[in-house]
Structures are given as structure tokens and as C-alpha cells.
Amino acid sequence: MTSAPQHELNQLAGLAFAKGHGTGNDFVLVDDPRGEITIGASAVAALCDRHQGIGGDGLIRAVRSESIPEGAAVLSADERAEWFMDYRNGDGSIAEMCGNGVRVFVDFLIAQGHVTLEHGDALTIGTRAGVKHVARTDNGYAVDMGAWEFIFPEAAQEKAIDSLVQTRGLDVNRPALSVSMGNPHTVVALADDEELKELDLTHIPSVRPVPPQGTNVEFVVPSEPLVTDGVGNISMRVHERGVGETQSCGTGACAAVVATRHWAAGDGPDQHQADEWNVQVPGGTVVVKFIPSPDGREHVELSGPAQIVARGVIAGA
């Protein structure tokens, strides 16, 4: 009897793919400029299956923006966004944005010969969270992730917490703060690295109240001192919505820094003053900065490496 993943992979026999990652957050990538390839939710899950498929935290389809409705909407906002990152979580569900994935996506476009990008230059791309600008740097890529905002702003400003999170490995519910980076995040501060290590993130954390579209959950440990020589430092693990625990989450790292800085502001004016923030995740380190924007809102920049590690063709059975 053919397994469900194998059946789905049989339907995709002959499909060329690449495998890439950004600080361990890994993706299956498919080149589909004209938007001709249909990969349904169950097929995405089969491709991302780590035992019977290629394995990945999600699937990224590279498609010209003009070829799909979501991309056409982005083009109307910015005609430079020639390429659209069609991103799906590992379970096949649609996701708005992925901070590590967008770096890998641009690296893939370059490798495919679709674009050229010199060091210091930037590329405009489309996502379901709007237009993103990605610059090539010495250590990978830097992405303007756009403006951040609190999901429950009144509670965030008044109490610096807006929800309670329960997960295996923690003896009691922990207070949390919910931040949108175009997709939802709920951030929990832990006391030390031992608490972070003992978490069991094989099960979905319980969040009450949960944001309307569900949420990714970040568990962070601030360094002591938090800021040294203008650089903030935190460690993080994350349970991603529709995926499970991943080795890294770019938007999650941004949300974690937003929440940490907000909490630290209550401890004194110098506690949260940092030019940049290093976020240590199981897959490596990403860097977060806050940057001003012409619209007056504070944007978040995420930078880190990206790498294409393999290529192949789905064989089928």
C-alpha cells in the first residue's frame, strides 16, 4: 500500500527543487516563474516530511508577481517587486512571511540566474506581508521587515503583557507579549538558559488569549547584562505555527527583540539602548536593528546568512 506522502510525491515526479536554509531554518524551493505548477497543501506537507520527503520547515515557490493574484496586488503597490515569494508552512498552510525564508529566497533567485545583486545593492520582492527590500551584505542578506506593532496594544502599553502561555517543561503559566511582524508572535521571557533547555516544544504551546490568526511562540532568555558596548544579546527557541520547533525564525527573532526592549524600558533608560541585537538561536545567530522609515513608523531590519545546499528532482515511485 502506498503511503500518503509517497502518493503525493508520485504526483510531483519530475519536479526540480532546491534545498536551502537560513541559520538552520530550512526550506524546499521550487522555481515556477510563470505560476504553472500547482502544489496543494498535502503535497507541500509531503515534500517537507523529514522521513518520507525532502524535509523542510516550509516550501518556497519563486514566481513572477504578475503571474498570480497575490503578486499582482503587490505590483500595484510597487512595480519593482518583480518576484513573489509564495511561502507555505511545513504542514501546507499559507504563511504571510518568513524572515529567514526571504533571505534564502533571494539567494535562490540569484542562483537561478533570475536576478543579479551586488554587495550593498537591494532587491524588492513581494510577499503576503507586503513588499520587502533585501540587501546583499558581507555575511548574507539584510531585510527591512517593515513596521512592528503590538497585537493587543492597550494591554502591551499598560501592563507589558497581554497573554499567558503554557507549555511542557514549564511548571506554571508564563506571561507573554504579542507582536506582529506581518505575522503573529507571542514572546515569553524565561529566567535562565536551563529553563530554555528544558522546554519540550514537540507539542503546541497553549496561548490565552490567542491572536486571531494563531501565533508563533518565542521563548527568550535575556543576557546579563542585556546590553554590552551597544549590542543587546538574547537567546531564543521557537515553536512555529504549522511547523513545530525550528532551529531559527527570522520574524520571531524580530518580535523577541521588540518584546525584550519593551520590557527592559521599565528598568531604566539605559537598559534597552542598543545599536543592534544579536539573537542566538539553535541554528546560529541573526542580527536585528531598528531603523526609521519615511512613514514615521519604526521598522525592523533582520540580517543573517542564507545558503542553497542541495538540488534534485522528485523521482516518484
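Above this note sits the structure.
In this text the structure is predicted, and so the values were computed from the model without any measurement. (Residues numbered from 1 in each chain as written. Predicted model: local features only at pLDDT ≥ 70, side-chain atom pairs only at ≥ 80, totals over all residues. Heavy atoms only, no water.)

1. Some remarks on the nonpolar core
Counting residues in each nonpolar core, the largest one holds 57 residues, and the members touching the most others are Phe 105, Val 106, Trp 148, Met 236, Val 279, Val 288 and Val 300. The biggest single contributor to this core is helix H7 (residues 250–264), with eight residues. Beyond its immediate sequence surroundings of up to four residues, Trp 148 is in contact with Val 179, Ser 180, Met 181, Val 258, Arg 261, Phe 290, Arg 297, Glu 298 and Val 300. Judged by nonpolar contacts, the second largest core, of 14 residues, contains Val 28, Val 30, Ile 39 and Ile 314. (Core = buried A, V, L, I, M, F, W, Y, C linked by side-chain atoms within 4.5 Å. Buried < 20%, exposed > 50% of the residue type's maximum accessible area, 1.4 Å probe, protein only. Helix = DSSP H or I, 4+ residues; strand = E, 2+ residues; numbered from the N terminus. Contact = heavy atoms within 4.5 Å.)

2. Structural notes on the side chain of Asn 25
Within the secondary structure, Asn 25 is located in strand E2 (residues 25–31). Within the local environment of Asn 25, its side chain forms a polar contact with the side chain of Asp 57, the two groups lying 2.8 Å apart. Beyond its immediate stretch of four places on either side in the chain, Asn 25 contacts Gly 20, Asp 57, Cys 98, Asn 100, Glu 240, Thr 246, Ser 248 and Cys 249. (Polar contact = N/O pair within 3.5 Å; in protein donor to acceptor, adjacent residues only side chain to side chain.)

3. Some points on a negative patch on the surface
Judged by side-chain charge, Asp 192, Asp 193, Glu 194 and Glu 198 come together as a negatively charged surface patch. With respect to the element layout, Glu 198 can be found in helix H6 (residues 193–198). (Patch = residues over 30% accessible without salt bridge, like charges linked within 9 Å, V, L, I, M, F, W, Y side chains within 5 Å. Areas by Shrake-Rupley, 256 points an atom, 1.4 Å probe, with all protein chains shown as cover. Salt bridge = Lys/Arg side-chain N within 4 Å of Asp/Glu carboxyl O. Lys, Arg positive; Asp, Glu negative; His and termini not counted. Charge placed at Lys NZ, Arg CZ, Asp CG, Glu CD.)

4. Looking at the environment of Asp 144
Its location among the elements puts Asp 144 in strand E7 (residues 140–147). Between the C-alpha atoms of Asp 144 and Lys 132, which are twelve residues apart in sequence, the distance is 6.2 Å. In this view, Asp 144 contacts Lys 132, His 133, Ile 291, His 299 and Val 300; residues no more than four positions away in its chain are not counted.

5. Here we look at the state of the cysteines
For the coordinates displayed, the defined rule picks out zero disulfides. Residue Cys 48 stays outside any disulfide, its sulfur separated by 11 Å from that of Cys 98, the closest cysteine. Sulfur of Cys 254: no disulfide; nearest cysteine sulfur belongs to Cys 249 and is 8.7 Å away. By relative accessible area, Cys 254 is classed as buried at 0%. (Disulfide = S-S within 2.5 Å.)

6. A word on the pattern of salt bridges
Applying the stated rule across the entire model yields 17 salt bridges. With its nearest N and O atoms 2.8 Å apart, the salt bridge here joins Asp 78 to Arg 80. Look at Asp 78 and you get buried, because its relative accessible area is 13%. Judged by relative accessible area, Arg 80 falls into the exposed class, the value being 53%. Across the salt bridge formed by Arg 241 and Glu 96, the nearest N and O atoms sit 2.7 Å from each other. Of the two residues, Arg 241 is situated in the loop between strand E14 (231–240) and strand E15 (244–246) and Glu 96 in the loop between strand E4 (83–89) and helix H4 (99–111); the sequence distance between them amounts to 145 residues. Linked through salt bridges whose partners overlap, the residues forming this network are Asp 32, Arg 61, Glu 70, Asp 86, Arg 88 and Arg 128.

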